[in-house]
Amino acid sequence: MSAMEKIPAIDNGLLRFLTCGSVDDGKSTLIGRLLFDSKTILADTLHAIERTSKKRGMDAIDLSLLTDGLQAEREQGITIDVAYRYFTTGTRKYIIADAPGHEQYTRNMVTAASTADLAIILIDARKGVLTQTRRHSYLTHLVNIPHLVVAINKMDLVDYSQEAFDRIMADYLAFAAKLNIKDVHFIPMSALNGDMVVERGERLDWYQGPTLIDLLEAASTSHTDHQESFRFPVQYVCRPQDSANPELHDYRGFMGRVESGVVAIGDAVTVLPSGRETRVKDIQINSTSLTHAFAEQSITLLLDDEIDISRGDMIVRTGELPQFTKQINAMLCWLSESPLDPRRKYLIRHTTRDSKAMLAGIEFRMDINTMEHQAAEKLAMNDIAKVSFKLAQPIFADSYAENRGTGAFIVIDESSNNTVGAGMIL
Amino acid sequence: MTTLTKQTLSHLDWLESEAIHIMREVAGQCSNPVLLFSGGKDSICMLRIAEKAFRPGKFPFPLMHIDTGHNYKEVTDFRDKRAAELGERLIVRSVEDSMARGTVVLKTDDESRNKHQSVTLLEAIEEFSFDACIGGARRDEEKARAKERIFSFRDEFGQWDPKNQRPELWDLYNARSFKGENIRVFPISNWTEFDVWQYIERENLELPSIYFAHLRPIVRRQGGMLPVTEVTPARPGDTIEQVQVRFRTVGDITCTAPVESAADTIAKIIAETATTTITERGATRLDDQTSDASMEQRKKEGYF
């Protein structure tokens, strides 16, 4: 690929994906390979890792060094936190969320998965489906990542054997069926040698499917393919009354990002919580009008009628109302070192709305190694549980399975202001 | 019910929309934010994003520049002009004022003032009681930044604790802080240098002239080029050359070096950026090369 070809002629959007696996599965090598083969790595960085590789007594450049981050990590040779990496193929931009495989894996993986539209699960071809594979698959399923790629890596160490590949694929499918995971692609791969990552290589002729990059280029950049209801949480209200321009004195713009669905000028909408109905008068970005707007667009809505609306309210299509509720059931992932205390009040942040909340009950804790349900009184860091909360203020919610934007919430501990939990409404 | 097929955004539209959303979250969640504007290309993009986020209203925050007193005049002039065009309030606080107060003490007169911006920034945060600072840093710039949150918490001393960051999920940002603490917000975290140049081209944004190829006196030291200025004069024995250069980043004169280039338009700069073999900071930021971890160290100490 010459550099001039890297300037995108056709913009095929932006795909966010997650890589799950530990260093032993070759995850860092895979990311290094993607960055290297897409020519994202520049000479000075390459020289730096060449020096480090030599210092550590290696012959070839260790591509996994490209994802080395913080000083403490370099000293200890481990990955502490989610890191974000970027590359472009010339037609599409990619954001990789690189989640560490070992310590605090649940917390980090859920964090990285929350913004991903595709997940790559790495399996060491010598080891096959492990407990860790099940854990990663469960978590990507929990966070509802629509596309799953299982990369059976280190094929070079099993002689590029199709048998080994087929056996692991069958094992995985048997387990995936139990979790109701659909849309899985399997790729045999050697990230070390670059086979089936960007180039096909010459040693996997029996595999006729797409390379990893082919799959990434073709994947939908939307986290769902079904039409969702229009949801517009109001972030900010623009009222430039004091402007020198008298035409703006009655201007009331409701600013926010379309969480889901589509809206067009003239559409009938309902404002929550008031329930007032009106129509969309205009849709603007920087005072330019659009005929319609769709999911992920940050816009300003102007309405036909003067209605009192503030941050935390939600504008939806009339006839497609979300639940309006003070009681939620959810899958909760606990993220904090201080355990969830059933006696304490927490703050729940859902869309642009906050509410005080109290735990109403823990139905079960999920053992993510065995997929068994266990009784639990408290939740510690990295625990995942089915819980219910009582809220002081109602929220406008959909189930997470139906709508990521209006089904997700975070839990904040007001004594520390820390984000301590992540929830998905059932 | 509309029957449109599912539409998705181009990569620049997606990045822009995300950045607008982040700025509006700051406006919605924080009581007294500020946007750091240096006149550099990233912060110029930030102003366009702020326009798209808040016009026809005024920005819900002032602009602020921490000036080392060693900035290129082309850039500070541009900074003042741009703020005036937008009709937004610009606060300038200077490292030289901190030096006069005695809160910044240089080891030597010619020591770079770049890292001392942290002190002046913290003083300004205290002076105005800012609870959030919006900045144009990007995760692709440097290893330490790749792990930083979009909403990054700083304690009373302005310190970043990379091992104890708040989890950041979905687009649910947590900007809560107690008095004296501070949130740094990076709306263009997910942009690369290339995205920035593409955005500048698409939005037709004006830039300070030193981003484009021009003749400049330089000396060569340790394989790099150093501009010859009043602040960084040639040393005895240096050979001064006139070279056609441009700047990829602009900052304190003592630590920002130009690259040789004939690119005098945005399109040519984009073509060069696509073919370059050196990272943005690798070639041009003398202060990041001290050690593998120097940016991380500075951030822990309160640097942006």
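Shown above is the structure to which this text applies.
Residues numbered from 1 in each chain as written. Chains lettered and ligands numbered in written order. Predicted model: local features only at pLDDT ≥ 70, side-chain atom pairs only at ≥ 80, totals over all residues.

## What to know about the overall build of chain A
Tallying secondary structure elements over chain A gives eight helices and 23 strands in all. By the burial criterion, 49% of the 426 residues in chain A qualify as buried. Considering only intrachain contacts with a sequence separation of at least 6, the fraction spanning at least 24 residues in chain A is 71%. (Helix = DSSP H or I, 4+ residues; strand = E, 2+ residues; numbered from the N terminus. Buried ≥ 20, exposed ≤ 12 C-beta atoms within 10 Å, placed from the backbone. Contact = placed C-beta atoms within 7 Å.)

## Focus: the pairing of strand S3 (residues 90–94) of chain B
All names here are of chain B. Alignment of strand S2 (residues 63–67) against S3, held across five bridges, turns out to be parallel. Along S3, the bridge assignment pairs Ile 66 with Arg 93. Remark: the S2/helix H3 (residues 73–86)/S3 crossover connection has right-handed handedness. (Pairing = 2+ DSSP bridges. Right-handed = clockwise from strand over helix to strand, strands pointing away.)

## Observations concerning the sheet that holds strand S1 (residues 33–36) of chain B
All names here are of chain B. Strand order in this open sheet of six strands is S3-S2-S1-S4-S6-S5, and the pairing throughout is mixed. Every interior strand has two partners, whereas the edge strands, S3 and strand S5 (151–154), have only one. Geometrically, the sheet is characterised by an average inter-axis angle of 30° between neighbouring strands, direction not taken into account. By the bridge criterion, three bridges tie strand S4 (residues 132–134) to strand S6 (residues 182–185) in an arrangement that is parallel. Paired with Cys 133 across the bridge in S6 is Arg 184. Packing of helix H1 (residues 11–29) onto the sheet brings it into contact with S1, S4 and S6, and relative to S4 it is tilted by some 160°. (Axes fitted to C-alpha atoms, helices over the stretch in contact; angles between N-to-C directions.)

## Some words on the packing of helix H2 (residues 41–54) of chain B against helix H6 (residues 193–203) of chain B
All names here are of chain B. Taken N-terminus to C-terminus, the directions of H2 and H6 make an angle of 50°; their axes are 10 Å apart at the nearest point. Taken together, the axis directions place H2 and H6 in an arrangement best described as oblique. The handedness of the crossing between H2 and H6 is left-handed. Contacts from Lys 41, Asp 42, Cys 45 and Arg 48 in H2 reach Val 196, Tyr 199, Ile 200 and Glu 203 in H6. Class assignment of the residues belonging to the contact of H2 with H6 gives a composition of four nonpolar, no polar and four charged. (Parallel < 35°, antiparallel > 145°, perpendicular 65-115°, else oblique. Left-handed = near helix turned anticlockwise from the far one by under 90°. Nonpolar A, V, L, I, M, F, W, Y, C, P; charged D, E, K, R; others polar.)

## As for the interface of chain A and chain B
Across the contact, 61 residues belong to chain A and 55 residues belong to chain B. When grouped by side-chain class, the residues that make up the side of chain A that touches chain B number 28 nonpolar, 21 polar and 12 charged.

## A short note on the nonpolar core
The nonpolar side chains of a soluble globular protein tend to be buried, and buried together. The biggest cluster of nonpolar side chains holds 175 residues, and the ones touching the most others in it are Phe 17, Leu 18, Ala 113, Ala 119, Ala 151 and Ile 152 of chain A together with Met 23 of chain B. In contact with Phe 17 of chain A, not counting residues within four places along its chain, are Tyr 94, Ile 96, Ala 116, Asp 117, Leu 118, Ala 119, Ile 120 and Leu 216 of chain A. (Core = buried A, V, L, I, M, F, W, Y, C linked by C-beta atoms within 7 Å.)

## Points about the sheet that holds strand S3 (residues 93–98) of chain A
Two pairing modes exist for strands in a sheet, parallel and antiparallel, and in both the strands are linked by backbone hydrogen bonds. Residues and elements named next belong to chain A. Read from one edge to the other, the open sheet built from six strands follows the order S2-S3-S1-S4-S5-S6, with strand pairing classed as mixed. In this open sheet, the two edge strands, each paired with only one partner strand, are strand S2 (83–88) and strand S6 (184–188). Sheet twist, expressed as the average angle between the axes of neighbouring strands with direction ignored, equals 25°. One ladder, built from five bridges, connects strand S5 (residues 147–153) with S6; its direction is parallel. The residue of S6 that forms the bridge with Leu 148 is Val 184.

## A closer look at the packing of H6 of chain B against helix H7 (residues 266–275) of chain B
Residues and elements named next belong to chain B. The geometry of H6 relative to H7 is characterised by a closest axis approach of 10 Å and an angle of 165° between their N-to-C directions. Taken together, the axes of H6 and H7 lie roughly antiparallel to each other. The two elements H6 and H7 meet at a crossing, and its hand is left-handed. Across from Glu 193, Phe 194, Trp 197, Gln 198, Ile 200 and Glu 201 in H6, the residues of H7 making contact are Ile 266, Ala 267, Ile 269, Ile 270, Thr 273 and Ala 274.

## Here we look at unusual backbone geometry
Cis geometry marks the peptide bond from Leu 272 of chain A to Pro 273 of chain A, where omega comes out at 10°. Locating Pro 273 of chain A in the fold gives a position in the loop between strand S11 (268–272) and strand S12 (276–285). In this chain, Arg 55 of chain B is followed by Pro 56 of chain B through a cis amide linkage whose omega measures 10°. Mapped onto the secondary structure, Pro 56 of chain B falls in the loop between H2 and S2. Phi at Asn 417 of chain A is positive, roughly 65°, even though this residue is not glycine.

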